[in-house]
Amino acid sequence: MKRLLLFLLCCSGAINGAAQSTDGPPPAEIILSMPAGFYPAPVEVTASCPGGRLYYTTDGTVPSRASRAYQGPIAIGQTTVLRFLATYSDGREDRLEGH
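Residues numbered from 1 in each chain as written. Predicted model: local features only at pLDDT ≥ 70, side-chain atom pairs only at ≥ 80, totals over all residues. Heavy atoms only, no water.

### As for the overall build of the protein chain
Secondary structure assignment for the protein chain yields 0 helices and 12 strands. Written out in order from the N terminus, the α and β elements of the protein chain read β-β-β-β-β-β-β-β-β-β-β-β. A total of 99 residues make up the protein chain; the buried ones form 37% of that total. Nonlocal contacts in the protein chain, meaning residues at least 24 apart in sequence, comprise 56% of its contacts between residues at least 6 apart. Carbon and sulfur atoms form 53% of the exposed surface of the protein chain, whose accessible area is close to 5600 Å². (Helix = DSSP H or I, 4+ residues; strand = E, 2+ residues; numbered from the N terminus. Buried < 20%, exposed > 50% of the residue type's maximum accessible area, 1.4 Å probe, protein only. Contact = heavy atoms within 4.5 Å. Areas by Shrake-Rupley, 256 points an atom, 1.4 Å probe, with all protein chains shown as cover.)

### Considerations on the packing of aromatic side chains
Tallied over the full model, the rule gives 2 aromatic pairs. The interplanar angle of 70° and the centroid separation of 6.4 Å between the aromatic rings of Y56 and Y70 together place this pair among those described as edge-to-face. Placement of Y56 in strand 7 (residues 53-57) and of Y70 in the loop between strand 8 (68-69) and strand 9 (74-76) is noted, with a sequence separation of 14 residues between them. For the pair shown, Y56 and Y70 are each scored as buried. Seen in terms of ring centroids, Y56 and F84 are 6.2 Å apart; in terms of plane orientation they differ by 40°. Their pairing is tilted. (Phe/Tyr/Trp six-rings, centres within 6.5 Å; stacked < 30°, edge-to-face > 60°.)

### Some points on the pairing of strand 12 (residues 93-96)
Side chains D94 and L96 of strand 12 all project onto a buried face; the interleaved residues E93 and R95 project onto a face where none is buried. Once strand 11 (residues 83-87) ends, the chain turns through 5 residues before running back antiparallel as strand 12, passing G91 with a positive phi of about 95°. (Pairing = 2+ DSSP bridges.)

### As for the confidence of the model for the protein chain
Taken over all residues, the pLDDT of the protein chain has a mean of 78, while the share at 70 or more is 69%. The weakest mean pLDDT in the protein chain belongs to strand 2 (residues 14-15) at 40; the strongest belongs to strand 8 at 96. Between residues 8-21, whose pLDDT stays under 50, and residues either more than four places distant or in other chains, the model counts 34 contacts. (pLDDT = per-residue confidence, 0-100.)

### Some points on the side chain of R83
Turning to its location among the elements, R83 is positioned in strand 11. Residue R83 is classed as buried on the basis of its relative accessible area, which comes to 13%. For R83, the side chain forms a polar contact with the main-chain oxygen of G60, separated by 3.1 Å. (Polar contact = N/O pair within 3.5 Å; in protein donor to acceptor, adjacent residues only side chain to side chain.)

### Brief notes about the nonpolar core
Grouped together as the largest cluster of nonpolar side chains are 18 residues, with contacts concentrated most on L54 and F84. Counting residues per element, the ones that place at least two in this core are strand 3 (29-32), strand 5 (43-45), strand 7, strand 9 and strand 11. (Core = buried A, V, L, I, M, F, W, Y, C linked by side-chain atoms within 4.5 Å.)

### Here we look at the pairing of strand 7
Within strand 7, 4 of the 5 residues are buried, which leaves it mostly tucked inside the rest of the structure. Relative to strand 8, strand 7 is paired through 2 bridges, and the arrangement is antiparallel. Within strand 8, the residue paired with Y56 across the bridge is R68.

Here you go:
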């Protein structure tokens, strides 16, 4: 049986509600619909970034503001490294380096 791997390498900032210091602006936050892991069939990953904008890559490269802008569910049908960049109007950025 073929299984898909959705990869999570590392992250910084507040990912899925991780606690952060209360000094300065709120931390960037990237919320995903499912954890990294092995899945027996294709999946769709949804993401949100309250108050910000998301960009992503599926080829393992580090996302930038020039990457694809997130606009809806991302279909994953094979082993994939999914990476996100959250950007905010006040200049904050955070990356989910692999999911």
